[in-house]
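Listed below are the residues making up each chain.
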Amino acid sequence: MATIGLHFGHDAGAALTDADGYRVIEAERRLGLRHVCGGNGDFPHAAAEWLAELRERAVSPVTRIAVADWYTPRCRVVPPALVELVNEDARWAAPGVTGLAEAVTRVIKPVDWPLAHGLGDITLMAVRHHYAHAALAYHTSGARRALVLALDGTGNYAECGMVCLGDGDRLTPVMSLTNRGGPRFGLVYEALSRRVHGSQFDTGKLLGLTATGETDEALLPVLHAMLIPQSTRRAAPDLYEVLDEKKLTGTALRYADTWWEYDSVSGGYLDAGLADSSDDDVVHSFGSVFPDEIRSADGGTTLVGTSPEDRVCRDLAATLQHAVEDDLLRLVTGISRRFPGYTTLCYAGGCALNITANTRLAESGRFSRVHVPTCCDDSGIALGAALAVADPADRPALLGGSRWAPLAYAGPPLAGLEALEGDGTEPAARRAAPAEPALSVRRAVDDEEFVERVAELLAERRCVAWLEGGLETGPRALGHRSLLVSAHWSGARRYVSETIKQREWFRPVAPICPQEVADQFFTGPLGHAETMLFAVRVRPDRARQLAEARHIDGTARLQTVTPGVQPLLHRLCHAVGARTGLPVLINTSANAGGRPLLNRLDEALELLTGTELDAVALPEHHLIVE
């Protein structure tokens, strides 16, 4: 029987799992609003449509609906029983290990729930936020035994993470991590992102900015203590490094007009004052506001700016990244030692989008494989909730080396293709954009001609939107909704990133390269490079040749492609290489600045006519629109 999952918090959505595969609907891409939550006015009606769509897609009757327990009070379609559970049931929020296994899923009644109308006889279940993250990571990995870690800014109850053990079809929670004691990787990163870039959702921008700064050794101990207070470190020295008190004595943080001195008892700054505060106050205090000024142990003070052009902000970003990587590696190493015998790490949550930290984990030598699902952030919570409660038979079998692909491309197909139906002539294709009669439409006779034509455009320094198959899940464009340029020409990065996307100068671009030749151009965890969730390094002898595809620090967010998973994109790389000598393309997501990843043909044509984009390529139809 099939299972549907729902998530009502930011990056809301719905998802289906059954024996036939996954289907993921991300609300932002249907409603056109980034990071939309269930409180959006269009959400209730849309959610009912998504449920109907997923039920129709299922190959067997839907018997279970799973709802993640993170919600917004403004959402009119949250099950009342879920609100009651989260707000009133203390056992559900049991801290630590005691009772945790009984506090991650719960059957609740669908009474007075608008979305239950017409669902028939279903079992409604609540799923804890971080358990949904963990279930997504484990059950989409194909592993039969794994250590599972979920880390993000926060869920309910100030919880910021969970550790589970995956054995066969069982996923057992063994640790709950909280922002009250740390690690606050997600919250502190969000706070600095909000200050520098204006939004808690701009952590990706902050990660890109880290490469432009340098670690400030005087501020490093302070940031370590903000992430994990000394009291927590002393209580669990196998998980966290105990800091040198001499480097903390005399340090302080200023928020507005108040200085918070380092408190040796709590081992932090705000920690003592928040000891008796509500969960919401704890999360808000650490995640919403970054200090205005920092005093280091030598008595020097650092005034924190508010712009990515500010050198202090860039150095702070680099210093915070340094602290996060060191503390994360120590934490994961300690957890691995507590629970030995697990050679695979499955990792999810918003923190798993930190690709340079992911690389530290992959290269640590503790695991033979680190699996990060493409929708590891909250965009995957709906599917994670469904997988957490689904019968094992409703979790698709994941075999072979492309286990990641069924999830990566589990979104719906490109919409608005009705205009391409008919006899395939040029006027039929043009009906997708009747207001733009000047568009030129070419149809290739077969795959070979199509690839060669697109390769000619790219070799001629043109930018092409490549749209095929199911929409990617999560924030990365992986060759299904991508803007492509060849990496061989000077100015390619600026053209696609700044001219077309209108993005900041420091944002990295991502190269695509055939897997079998990747080691000729890159080094690092190439075995983890299929989904742009790990950083590799450009080989020094290729630095000049790949100047347009590498980040400021010499790294690259590489995607390797294979003929088995992306046959035409793989052929395209080689076809461009035959013309330019470099089989590497630059890839960024197909969307206008500030908008979600597009999934309609008319949106692609608007991008074509409204920006410097040169062409739209539709591989499945052998069509090129210019």
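All of the points below concern the structure found in this document.

Cut-offs and rules
- Residues numbered from 1 in each chain as written.
- Predicted model: local features only at pLDDT ≥ 70, side-chain atom pairs only at ≥ 80, totals over all residues.
- Heavy atoms only, no water.
- Helix = DSSP H or I, 4+ residues; strand = E, 2+ residues; numbered from the N terminus.
- Rg over C-alpha atoms; globule rule 2.2 N^0.38 Å.
- Areas by Shrake-Rupley, 256 points an atom, 1.4 Å probe, with all protein chains shown as cover.
- Lys, Arg positive; Asp, Glu negative; His and termini not counted.
- Charge placed at Lys NZ, Arg CZ, Asp CG, Glu CD.
- Pairing = 2+ DSSP bridges.
- Axes fitted to C-alpha atoms, helices over the stretch in contact; angles between N-to-C directions.
- Parallel < 35°, antiparallel > 145°, perpendicular 65-115°, else oblique.
- Contact = heavy atoms within 4.5 Å.
- Core = buried A, V, L, I, M, F, W, Y, C linked by side-chain atoms within 4.5 Å.
- Buried < 20%, exposed > 50% of the residue type's maximum accessible area, 1.4 Å probe, protein only.
- Arc of directions from axis to C-beta.
- Left-handed = near helix turned anticlockwise from the far one by under 90°.
- Nonpolar A, V, L, I, M, F, W, Y, C, P; charged D, E, K, R; others polar.
- Salt bridge = Lys/Arg side-chain N within 4 Å of Asp/Glu carboxyl O.
- Polar contact = N/O pair within 3.5 Å; in protein donor to acceptor, adjacent residues only side chain to side chain.
- Phe/Tyr/Trp six-rings, centres within 6.5 Å; stacked < 30°, edge-to-face > 60°.
- Lys NZ or Arg CZ within 6 Å of the ring centre and 35° of its normal.

Examining the overall build of the protein
Line of reasoning, step 1. Each helix and strand in the protein was counted, giving 18 helices and 26 strands.
Line of reasoning, step 2. Its C-alpha atoms give the protein a radius of gyration of 24 Å, within 12% of the compact-globule value 25 Å for 626 residues.
Line of reasoning, step 3. Considered along the principal axes of its C-alpha atoms, the protein spans approximately 75 × 60 × 45 Å.
Line of reasoning, step 4. Surface accessibility of the protein: about 23,100 Å² in total, with carbon and sulfur atoms responsible for 49%.
Line of reasoning, step 5. Each charge class in the protein can be summarised by its mean position, and for the 61 positive and 80 negative side chains these summaries are 3 Å apart.

Comments concerning the sheet that holds strand 20 (residues 522-523)
Line of reasoning, step 1. The strand order across the open sheet built from three strands is 20-21-22, with neighbouring strands paired in antiparallel fashion. Each of the sheet's edge strands pairs with one partner strand only, and the pair in question is strand 20 and strand 22 (555-556).
Line of reasoning, step 2. Sheet analysis places strand 20 next to strand 21 (residues 536-538), joined by two bridges and oriented antiparallel. Along strand 21, the bridge assignment pairs F522 with V538.

Considering the packing of helix 4 (residues 129-139) against helix 12 (residues 381-389)
Line of reasoning, step 1. Direction vectors running N to C along helix 4 and helix 12 enclose 80 degrees, while the axes themselves pass 7 Å from each other. In terms of axis orientation, helix 4 runs roughly perpendicular to helix 12. Across the interface between the two elements, H129, Y131, A132, H133, A135, L136 and H139 of helix 4 pack against I381, L383, G384, A385, L387 and A388 of helix 12.

Focus on the nonpolar core
Line of reasoning, step 1. With 98 residues, the main nonpolar core has F290 and Y347 as its most contacted residues.
Line of reasoning, step 2. In terms of residue count, the dominant contributor to this core is helix 10 (residues 311-338) (11 residues).
Line of reasoning, step 3. Leave out the neighbours within four places in its chain, and F290 touches V188, A191, L192, R195, L223, M226, Y255, V304 and L316.
Line of reasoning, step 4. V485, I500, V517 and L598 belong to the second largest nonpolar core, which has 42 residues in total.

Considering the pairing of strand 3 (residues 21-26)
Line of reasoning, step 1. In terms of burial, strand 3 is a largely internal element, six of the six residues being buried.
Line of reasoning, step 2. Here strand 3 shows two buried faces, one formed by G21, R23 and I25 and the other by Y22, V24 and E26.
Line of reasoning, step 3. Between strand 2 (residues 13-18) and strand 3, which pair antiparallel in sequence order, lie two residues.

Overview of helix 18 (residues 601-610)
Note that an α-helix has 3.6 residues per turn; residues three or four places apart therefore point the same way.
Line of reasoning, step 1. Along helix 18, the residues classified as buried are L601, A604, L605, L607 and L608. Considered in projection along helix 18, the buried side chains sweep an arc of 155 degrees and stay on one side of the axis.
Line of reasoning, step 2. On its buried face, helix 18 is in contact with strand 17 (464-467), strand 18 (481-486), strand 25 (615-618) and strand 26 (623-625).

A closer look at helix 7 (residues 220-227)
Line of reasoning, step 1. Burial analysis of helix 7 places eight of its eight residues in the buried class, the great majority of the element.
Line of reasoning, step 2. By the burial criterion, the buried members of helix 7 are L220, P221, V222, L223, H224, A225, M226 and L227.
Line of reasoning, step 3. Turning to helix 7, the residues buried within the fold contact helix 5 (185-197), helix 8 (230-235), strand 10 (252-255), strand 12 (293-295) and helix 10.

Digging into the sheet that holds strand 7 (residues 145-151)
Line of reasoning, step 1. The strand order across the open sheet formed by five strands is 9-8-7-14-15, and the pairing between neighbours is mixed. Strand pairing shows two members of the sheet lacking a second neighbour, strand 9 (170-178) and strand 15 (369-371), which therefore form its edges. With direction set aside, neighbouring strand axes in the sheet form an average angle of 20 degrees.
Line of reasoning, step 2. With three bridges joining them, strand 14 (residues 344-348) and strand 15 adopt parallel strand pairing. Counterpart to L345 in the pairing with strand 15 is V370.
Line of reasoning, step 3. Contacting strand 7, strand 8 (159-167), strand 9, strand 14 and strand 15, helix 4 runs over the sheet at an angle of about 35 degrees to strand 8.

With respect to the packing of helix 15 (residues 447-459) against helix 17 (residues 567-580)
Line of reasoning, step 1. Where helix 15 contacts helix 17, the two axes come as close as 9 Å, and the packing angle between them is 50 degrees. It follows that helix 15 is oblique to helix 17 by the angle criterion. Our pair here, helix 15 against helix 17, has a crossing hand that is right-handed. On helix 17, the residues that touch D447, E448, V451, E452, V454, A455, E456, L458 and A459 of helix 15 are L568, R571, L572, A575, V576, R579 and T580.
Line of reasoning, step 2. Across the contact of helix 15 with helix 17, the residue classes break down as nine nonpolar, one polar and six charged.

Observations regarding the pattern of salt bridges
Line of reasoning, step 1. Summed over all chains, the structure comprises 32 salt bridges.
Line of reasoning, step 2. Across the pair R195 and D292 runs a salt bridge, and its minimum N-O distance is 2.9 Å. A residue pair is termed long-range when its members are at least 10 positions apart, and R195 in helix 5 and D292 in the loop between helix 9 (279-287) and strand 12 qualify at 97 residues.
Line of reasoning, step 3. For R462, the salt bridge goes to E626, with nearest N and O atoms at 3.0 Å.

Some points on the side chain of E159
Line of reasoning, step 1. Topologically, E159 is positioned in strand 8.
Line of reasoning, step 2. A polar side-chain atom of E159 sits 2.5 Å from a polar atom in the side chain of S176.
Line of reasoning, step 3. Setting aside residues no more than four positions away along its own chain, E159 makes contact with R128, H130, T154, S176, L177, T178 and N179.

Thoughts on the pairing of strand 4 (residues 62-68)
Line of reasoning, step 1. Of all seven residues in strand 4, five are buried, a share of seventy percent or more.
Line of reasoning, step 2. Here five bridges tie strand 4 to strand 6 (residues 123-127), and the two strands are oriented parallel to one another. Pairing of I65 across the sheet is with L124, part of strand 6.

A few points about the packing of aromatic side chains
Line of reasoning, step 1. What the rule picks out here adds up to seven aromatic pairs.
Line of reasoning, step 2. Seen in terms of ring centroids, F43 and W50 are 5.4 Å apart; in terms of plane orientation they differ by 90 degrees. Their pairing is edge-to-face.
Line of reasoning, step 3. Given a relative accessible area of 1%, F43 falls into the buried group.
Line of reasoning, step 4. According to the relative accessible area criterion, W50 is buried, its value standing at 2%.
Line of reasoning, step 5. Every member of this aromatic cluster is reached through a ring pair, and the members are F8, F43 and W50.
Line of reasoning, step 6. Across the ring face of F286, the terminal group of R184 is positioned such that the distance to the ring centre comes to 3.8 Å.
Line of reasoning, step 7. The ring of W259 carries R295 above its face, with NZ or CZ at 5.3 Å from the centroid.

Looking at unusual backbone geometry
Line of reasoning, step 1. Following G182, the chain continues into P183 via a peptide bond in cis, with omega recorded as 10 degrees.
Line of reasoning, step 2. Looking at the element boundaries, P183 is found in the loop between strand 9 and helix 5.
Line of reasoning, step 3. You will see that A256, though not glycine, has its phi angle at about 55 degrees, which is positive.
Line of reasoning, step 4. For A256, the location among the structural elements is in the loop between strand 10 and strand 11 (258-261).

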